[in-house]
Number of protein chains: 2
Amino acid sequence: MNIKIILHIIGFLLLLTGFFMLTGILFSIYYGSNDIPALLISGLSTIIIGLIIWRATKEARYTEISKREGYLIVTAGWIIMSLFGAVPFMLHGAIPKFTNAFFETMSGFTTTGASILTDIESMPYGLLFWRSMTHWIGGMGIILLSIAILPILGIGGMQLYTAEVPGVTKDKLHPRVQETAKRLWGIYVILTGLEAILLLAGGMNLFDSLCHSFGTVATGGFSTKNASIAAYQSPFIEYVIIVFMILSGTNFTLHYHALHGKFNSYFKDDEFKFYFFFIVIVVVSIALYLIFSNSRAVESGFRDSAFSVISILSSTGFATVNYEAWAPFFSLAFLLLLLFGASTGSTSGGIKMLRHMVMFKNSLLELKRLIHPQAVITVKYNDKSIPHDVISKISAFVLLYLIIFAAGSALMAVLGLEIKSAMGAVAACLGNIGPGLGSTGPVSNYNEVPWIGKWVLSFIMLLGRLELYTVLIILSPSFWKS
Amino acid sequence: MNIKIILHIIGFLLLLTGFFMLTGILFSIYYGSNDIPALLISGLSTIIIGLIIWRATKEARYTEISKREGYLIVTAGWIIMSLFGAVPFMLHGAIPKFTNAFFETMSGFTTTGASILTDIESMPYGLLFWRSMTHWIGGMGIILLSIAILPILGIGGMQLYTAEVPGVTKDKLHPRVQETAKRLWGIYVILTGLEAILLLAGGMNLFDSLCHSFGTVATGGFSTKNASIAAYQSPFIEYVIIVFMILSGTNFTLHYHALHGKFNSYFKDDEFKFYFFFIVIVVVSIALYLIFSNSRAVESGFRDSAFSVISILSSTGFATVNYEAWAPFFSLAFLLLLLFGASTGSTSGGIKMLRHMVMFKNSLLELKRLIHPQAVITVKYNDKSIPHDVISKISAFVLLYLIIFAAGSALMAVLGLEIKSAMGAVAACLGNIGPGLGSTGPVSNYNEVPWIGKWVLSFIMLLGRLELYTVLIILSPSFWKS
């Protein structure tokens, strides 16, 4: 284990974190909010500490990173950035308790969007901007992770995704991966900019439009309003966010192809088709229920259904309505939606559509295999057969995900949450969505969760964000042997 | 498709059903209950109809049964037996509605034990005996199914079980399978007899001891008392039933080996070890909670924990206490237990320990595979490596099981059950356990479920009992082609 290269990269990440922390000061100055000292002190000290670590380890600069070091960098990186990122909130006093500040920052960097804040609008502007910025940084990290690290590690069938991305091989970090990362980041920035402009056009001010764009494109979900997107009472804003949530839950490589004129790449991709038609079916079903059973107007019924469903499926977590109030069974329907997630290669969390699709196809094909036992019937993804060992990897991932969901829910129930809230909170944090159900639902927040529960959920957010194994591997004894 | 051979076997099953129906009359006579005409008429007409069908198709007698015919015989057999089995209840008027009578009989034959009866003790003795007898017949069917049919079909990894049973090959029905079936039925009868004697010794009358033995050994769960086993207020009876529930949830082949002196065969079998230690851990954990947190006496706390946990895990469903009242989080804990099931080759239902064990090992081994990507790391069962395509089959089964659980729960919630009861009812019916949670929980019954819901649950019981694919395959269009 080469500790130096790990520290070198973490130093660099802290440098970036500190720099981004300072950006909020622009809004603090403009709005005259009292968080300038907190942001300035924590931003500068993060930069200085990062710089010291980075410089002190610079001879490691050209070292090749092994897989084991890769796991450590990713997990430690997310934790250390959350520790430093929590400082401004504590220093200012807006979130005085360490547990709460860490929860909020981890929720930001993992693009979860679960919040302990009971009065968001009383927060100073600079801190609110930093809070939304943690989403945006987290989203950038996820893009890099999913093209550069996960395919090499081959976690949970990410080899399949690999085949589709130029420059990514499962053997080692190809030089072209840097190029690919820059391209995808370019798309990330373009999406953020476009959405911000449209939200400005919809009547948001610059501050809100930037914060909500960060929250959307990173599929995070922190809002600057207590009532989340409901505060704007604007169908236009809701439609803009609906569209960008769908786009942000799409494999960014497909956007890249589309930008280069290949628009049909979307519907050539099996995962996108599955993702898209799944959304259409669920949104239309729920909209029909709202229109016919709850006597809602067609447009607003459709919009509420689309916003809520897409917010959950893309793992964003913005809210416009309390969907649990539509009818009792919507608690269960949304609990199930919390277990999906959007596309691989996007900023979304959760099990993700590719894995659901493969497992679902495999379960159905088993029928054919039983009828024709002699035939070789394999699951196909984009016309290529998926080997059995990849199916086994994907099922290992999905089952482990469900085991963690079940065990986490049981733990939260022991800590005193009622069954629905416990399951909702764990599903929402593990899937990096944000709001769960009941006492942690869309019209509530995580403030009342006992402090041990907040640490458990912080860990669960990290687990979910880093595709379970990246974190668990570090906790396994055989990782530290040899 | 050779319809004649299908009818021939179903005719024979009806003959048996009619004969067993008549046995209840002995108790009707002894107790002077008013159900003799109902049982006599339905028993005799079932025998006559069975005889006619059987005789009319006797030239098919020596036809070899194809796999496709096998699927149809099993599924149609269970449905037709439930239709005929429901007749005495309706004819007598004890369960006047067809929906309820069919639900109760399907619940019996699938060894589920979910009941719509609100006052069991007001039922005439002959009908109650027939009700418990449906469990016992169902259990016999399951034993035959799991040695003769499922391994040949290779559903959900049942090939693994195959390797352990003499005379069972995955290619075709070996002549020795008849011998094996007789041996295992012998054990089934011995277990039933032993338990009945012990229950008699514990103070039950002959009628109750037989009915409860049928319910235990078939892992069914119908009781003759409104309060189930709690009615007897006898720790001895509870311990007897605890032991026989564990034995009935064990692979019967292991009992066969033990009867021939190989007692160590239990702890040589990976599935039994997993099953046994899982029970020990859960029972002890809950007992400790009851003793320390609920201030229960050591013996009764342990006994209540053991009875409830083993009743659920073995998929029996007898009740002595309302475990949901211990603490709010026990609803969730027992919901999770409802998704387990006991051993393959037993009369229990659900996903079963073998599949849980394989999936769990596979998820954990993935950590090792990620650390040592070059090494070939396979899941082992009884020292043999499990090939990836069997893992893929097992995961297809487990995922399909969970999809049906989720979809069924959503459907029950739409029909008006609250989230906990909906999930509990579907988990309990799919796993052939019986009592679920809340309004379908251990101190309640299925009477209040809307009638559509009762049909849905009847279908779910059948699905679970026949390992999903046996039923689903018949609904797939490609089954009927060619």
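Keep in mind that this is a model prediction, so the values were computed, not measured. Residue positions within a chain follow its written sequence, with the count starting from 1. Chains and ligands are labelled sequentially in the order written, the chains with letters from A and the ligands with numbers from 1. Per-residue local features are limited, in this predicted model, to residues with pLDDT of at least 70; the limit for side-chain atom pairs, both in listing and counting, is 80 or more; totals at the level of whole chains, interfaces and linings are taken over all residues. Side-chain numbers come from the whole structure's heavy atoms, not from hydrogens or water.

Trainee: Residue-level account of the overall build of chain A, with values.
Mentor: Along the backbone of chain A there are 20 helices and 2 strands. Considering only C-alpha atoms, chain A reaches an extent of 70 × 65 × 50 Å along its principal axes. Per-residue accessibility, obtained with a 1.4 Å probe over protein chains only, is compared with the maximum for each type, and a residue is labelled buried under 20%, exposed over 50%, and partly exposed between these values. Relative to its 482 residues, chain A shows a buried fraction of 63%. Should any heavy atoms of two residues lie within 4.5 Å, those residues are considered in contact. Residue pairs at least 24 apart in sequence account for 70% of intrachain contacts in chain A once pairs closer than 6 positions are excluded. Numbering of helices and strands runs from the N terminus, with a helix taken as a DSSP run of H or I at least four residues long and a strand as a DSSP run of E at least two residues long.

Trainee: Break down unusual backbone geometry for me, citing the residues and quoting the values.
Mentor: We note that T219 of chain A has phi near 45°; this positive angle belongs to a residue other than glycine. Within the secondary structure layout, T219 of chain A lies in the loop between helix 8 (206–217) and helix 9 (235–248). Phi at K352 of chain B is positive, roughly 80°, even though this residue is not glycine. Summarising the element assignment, K352 of chain B is placed in the loop between helix 15 (330–337) and helix 16 (353–371).

Trainee: With reference to specific residues and values, describe the interface of chain A and chain B.
Mentor: Counting residues at the interface gives 47 residues for chain A, matched by 47 residues for chain B. Of the roughly 4,100 Å² buried between chain A and chain B on both sides combined, carbon and sulfur atoms contribute 77%. Contact with chain B buries area across many residues of chain A, yet L332, L370 and I371 of chain A alone supply 15% of it, more than any other trio. Taken together, the elements giving at least two residues each to the side of chain A that touches chain B come down to helix 3 (67–92), helix 14 (330–337), helix 15 (353–371), helix 16 (388–414), helix 17 (419–430), helix 19 (469–475) and helix 20 (477–480) of chain A. For the side of chain A that touches chain B, the element with the most residues is helix 16 of chain A, which contributes 17 residues. Per-class residue counts for the side of chain A that touches chain B are 30 nonpolar, 10 polar and 7 charged. As a working definition, buried area equals the accessible area (1.4 Å probe) given up by two parts on being put together, with both sides summed. Three residue categories are used. Nonpolar comprises Ala, Val, Leu, Ile, Met, Phe, Trp, Tyr, Cys and Pro, charged comprises Asp, Glu, Lys and Arg, and polar comprises the others, including Gly.

Trainee: Lay out the confidence of the model for chain A in plain terms, naming residues and giving numbers.
Mentor: Residue and element names in this part refer to chain A. As a per-residue measure, pLDDT tells how confident the predictor is, with possible values from 0 to 100. Looking at chain A, the pLDDT average stands at 91 and 95% of residues meet or exceed 70. Predicted confidence is poor over residues 167–173, with pLDDT under 50, and the contacts of this stretch with residues over four places away or in other chains come to 17 contacts. Predicted as a complex, the structure gets a pTM of 0.91 and an ipTM equal to 0.87.

Trainee: Quick one: what's the story with the environment of I53 of chain A, residue by residue and with numbers?
Mentor: Structurally, the position occupied by I53 of chain A is in helix 2 (residues 36–56). Between the C-alpha atom of I53 of chain A and that of H8 of chain A, which follows or precedes it by 45 residues, the distance is 6.4 Å.

Trainee: Describe a nonpolar patch on the surface, naming the residues involved and giving the relevant values.
Mentor: Residues and elements named next belong to chain A. A patch is a set of surface residues, each over 30% in relative accessible area and not in a salt bridge, joined within 9 Å for like charges and within 5 Å for the nonpolar side chains Val, Leu, Ile, Met, Phe, Trp and Tyr. Surface accessibility follows the Shrake-Rupley procedure with a 1.4 Å probe radius. Residue values consider only the protein chains on display as shielding. A side-chain nitrogen of Lys or Arg and a carboxyl oxygen of Asp or Glu constitute a salt bridge if their distance falls within 4 Å. A cluster of nonpolar side chains, namely F267, F277, V280, I281, V284, L288 and F292, defines an oily patch on the protein surface of about 680 Å² accessible area. Counting through the fold element by element, F292 comes out in helix 12 (residues 270–292). Judged by its relative accessible area of 66%, F292 falls in the exposed class.

Trainee: Describe the relation of the copies chain A and chain B, with residues and values.
Mentor: In this comparison the copies share one frame, found by least squares on the C-alpha atoms of residues holding pLDDT of at least 70 in both. Overlay of chain A on chain B (RMSD 0.0 Å): rotation 180°, translation along the axis 0.0 Å. The superposition of one copy onto the other is thereby described by a two-fold rotation axis. Comparing interface residues between copies, 100% of those in chain A also lie at the interface in chain B; the contact surface is shared.

Trainee: So, the packing of aromatic side chains: which residues are in play, and what are the values?
Mentor: Put simply, two rings from Phe, Tyr or Trp (the six-membered ring, in Trp's case) pair if the centres are within 6.5 Å, and we call them stacked under 30 degrees between planes, edge-to-face over 60, tilted for the rest. Applying the stated criterion to the full structure yields 75 aromatic pairs over all chains. On the basis of an interplanar angle of 65° and a centroid distance of 5.1 Å, the ring pair of F27 of chain B and F207 of chain B is categorised as edge-to-face. You can see F27 of chain B sitting in helix 1 (residues 3–31) and its partner F207 of chain B sitting in helix 9 (residues 206–217), a full 180 residues away along the chain. With respect to class, F27 of chain B is no different from F207 of chain B; both count as buried. Note on F98 of chain B and F102 of chain B: the rings are 6.1 Å apart at their centroids and 50° apart in plane angle, and the pair reads as tilted. Of this pair, F98 of chain B and F102 of chain B both sit in helix 5 (residues 98–109), 4 residues apart, roughly one helical turn. Under the relative-accessibility criterion, F102 of chain B is labelled buried at 5%. Here the aromatic cluster, defined as three or more aromatic residues joined through ring pairs, consists of F27, Y30, Y31, Y125, F129, W136, Y188, F207, F214 and F252 of chain A. For a Lys NZ or an Arg CZ to count as sitting over a ring, it must be within 6 Å of the ring centre and within 35 degrees of the ring normal. Over the ring of F479 of chain A we find R68 of chain A; its NZ or CZ atom is 5.3 Å from the centre of that ring.

Trainee: So, the pattern of salt bridges: which residues are in play, and what are the values?
Mentor: A pair can form between side chains of opposite charge whenever their charged atoms are brought close. Residue and element names in this part refer to chain A. Enumeration over the complete set of coordinates arrives at 28 salt bridges over all chains. E104 is the salt-bridge partner of R131, the closest N and O atoms lying 2.7 Å from each other. Taken together, the residues span a long stretch of sequence, with R131 in helix 5 (residues 125–153) and E104 in helix 4 (residues 98–109) at a distance of 27 residues. The pair formed by R131 and E104 is uniform in burial state, with each residue classed as buried.

Trainee: Mind laying out helix 15 of chain B, listing which residues take part and the relevant values?
Mentor: The buried count for helix 15 of chain B comes to 6 of 8 residues, which makes it a mostly enclosed element. Along helix 15 of chain B, the positions that sit buried rather than exposed are F330, S331, L332, F334, L335 and L337 of chain B. Buried residues along helix 15 of chain B sit against helix 16 and helix 17 of chain A together with helix 13 (270–292), helix 14 (298–313), helix 17 (388–414) and helix 18 (419–430) of chain B.

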